[in-house]
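Reading the structure
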Amino acid sequence: MHLPTKQSDIITDIAIKSRSLTELFLQNLLPSGKPVELTVSNDVFEGQPTTRLFLVTEGQVFYRVRGKLVAVLEEGDLIGLTRSLNLNEGLFSCIEDVQLVPYDRDELIAHVHADAKLQKNWTHYLVCNIAFFQNSLAQEIRAEFQPQAGFVHFSEGETIIRQGDPADKVYTLLDGSADAICDGVKVGDVNANEIFGALAVFTRQPRIASVIATSDCTVLAVRKEEFIDLIDHQPQICLGLIEEMATKINQLNNQLLARQ
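As the structure is a prediction and not an experimental result, all values here were calculated from the model.

Definitions and limits used
- Residues numbered from 1 in each chain as written.
- Predicted model: local features only at pLDDT ≥ 70, side-chain atom pairs only at ≥ 80, totals over all residues.
- Heavy atoms only, no water.
- Helix = DSSP H or I, 4+ residues; strand = E, 2+ residues; numbered from the N terminus.
- Contact = heavy atoms within 4.5 Å.
- Polar contact = N/O pair within 3.5 Å; in protein donor to acceptor, adjacent residues only side chain to side chain.
- Buried < 20%, exposed > 50% of the residue type's maximum accessible area, 1.4 Å probe, protein only.
- Pairing = 2+ DSSP bridges.
- Core = buried A, V, L, I, M, F, W, Y, C linked by side-chain atoms within 4.5 Å.
- Salt bridge = Lys/Arg side-chain N within 4 Å of Asp/Glu carboxyl O.

**Re the environment of Gln7**
- By secondary structure assignment, the location of Gln7 is in the segment before α1 (9-26).
- The spatial distance from the C-alpha of Gln7 to the C-alpha of Asn135 is 9.4 Å, given a sequence separation of 128 residues.
- Look past the residues within four positions of Gln7 in its chain and what remains in contact with it is His2, Thr12 and Gln139.
- Within the local environment of Gln7, its side chain forms a polar contact with the backbone nitrogen of Leu3, the two atoms lying 2.8 Å apart.
- At a separation of 2.8 Å, a polar atom in the side chain of Gln7 contacts the side chain of Thr12.

Printed below as a string of structure tokens:
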């Protein structure tokens, strides 16, 4: 089995391990019927008994939950175990020729429990399946909350943020330097690897200062909605922002004291 999208090496290794374990515990177990050959089917288990399992021996079977493609099953994959226990809402379908060898769930369980080594293989198989979907979920969550960031280049003297504009993005200065300017007065420096423009996003107010490149700069821009989602799921980012804001406040206080 594999994911419908690009998957990590860890997930691939788990899938390979799962297939090898399936081969081991199915050894010497007779199928419960003749192979089933299908060309197109929206539900390969339609009309099958509740305890039916299938071993995919040719082609690909697509597993969907609520219409979303979750996994692609192929040669060597055993399917239908959670269905036989009424543990999911998913459907197994195919759009091309597949061959499925039927097994009975109860016969399989009796078979593996008759031998200690098979019990161990069966347990490892179940753990592999749990690990596959745990890692798949983690990969999907990371992808879902990975901001659609864009790299923007600014030349010396160009305006990165303009005072008074709506706050629609948060920026990270990857290289170069910039000045923060409020009402024509410099109020701070922006240095490499520093996040800026977040305050207006949090307060939902227009930009309180302009940011002007003082050298050629490369900036990473993230839309405010995606940045807020990122904060929700990685709150440790807030600590760095709070520290930076505290530093800026101290700088402003020192500037005000120096003018008195």
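**Examining the pairing of strand β11 (residues 178-182)**
- Most of β11 is tucked away, with four of its five residues classed as buried.
- Bridge analysis of β11 against strand β12 (residues 185-190) gives five bridges, and the strand direction is antiparallel. Opposite Asp179, over in β12, you have Asp189 as the bridge partner.
- Turn length for the β11-β12 hairpin, with the two strands adjacent in sequence and antiparallel, is two residues, and the turn residue Asp183 shows positive phi of about 55°.
- Sheet topology places β11 next to strand β14 (residues 210-213); four bridges connect them, and they run antiparallel.

**Section: the nonpolar core**
- Phe25, Val61, Ile79, Phe92 and Leu108 are the most contacted members of the largest nonpolar core, which has 35 residues in total.
- When residues of this core are traced back to their parent elements, those giving at least two are α1, β2 (52-58), β3 (61-65), β5 (78-79), β7 (98-104), α3 (105-113) and α4 (116-144).
- Membership of the second largest hydrophobic core comes to 13 residues, among which are Ile160, Tyr171, Ala178 and Phe196.

**Section: the pattern of salt bridges**
- Taken as a whole and assessed by the stated rule, the structure comprises six salt bridges.
- The salt bridge partner of Arg19 is Glu74, with a shortest N-O separation of 2.8 Å. Pair noted here: Arg19 is in helix α1 and Glu74 is in the loop between β4 (68-73) and β5, with a separation of 55 residues, a long-range link.
- For Glu74, a relative accessible area of 22% puts it in the partly exposed group.
- Note that Asp77 is salt-bridged to Arg19, the shortest N-O span being 3.4 Å. Here Asp77 is found in the loop between β4 and β5, whereas its partner Arg19 is found in helix α1, with 58 residues between them in sequence. Arg19 carries the same exposure label as Asp77, and that label is buried.

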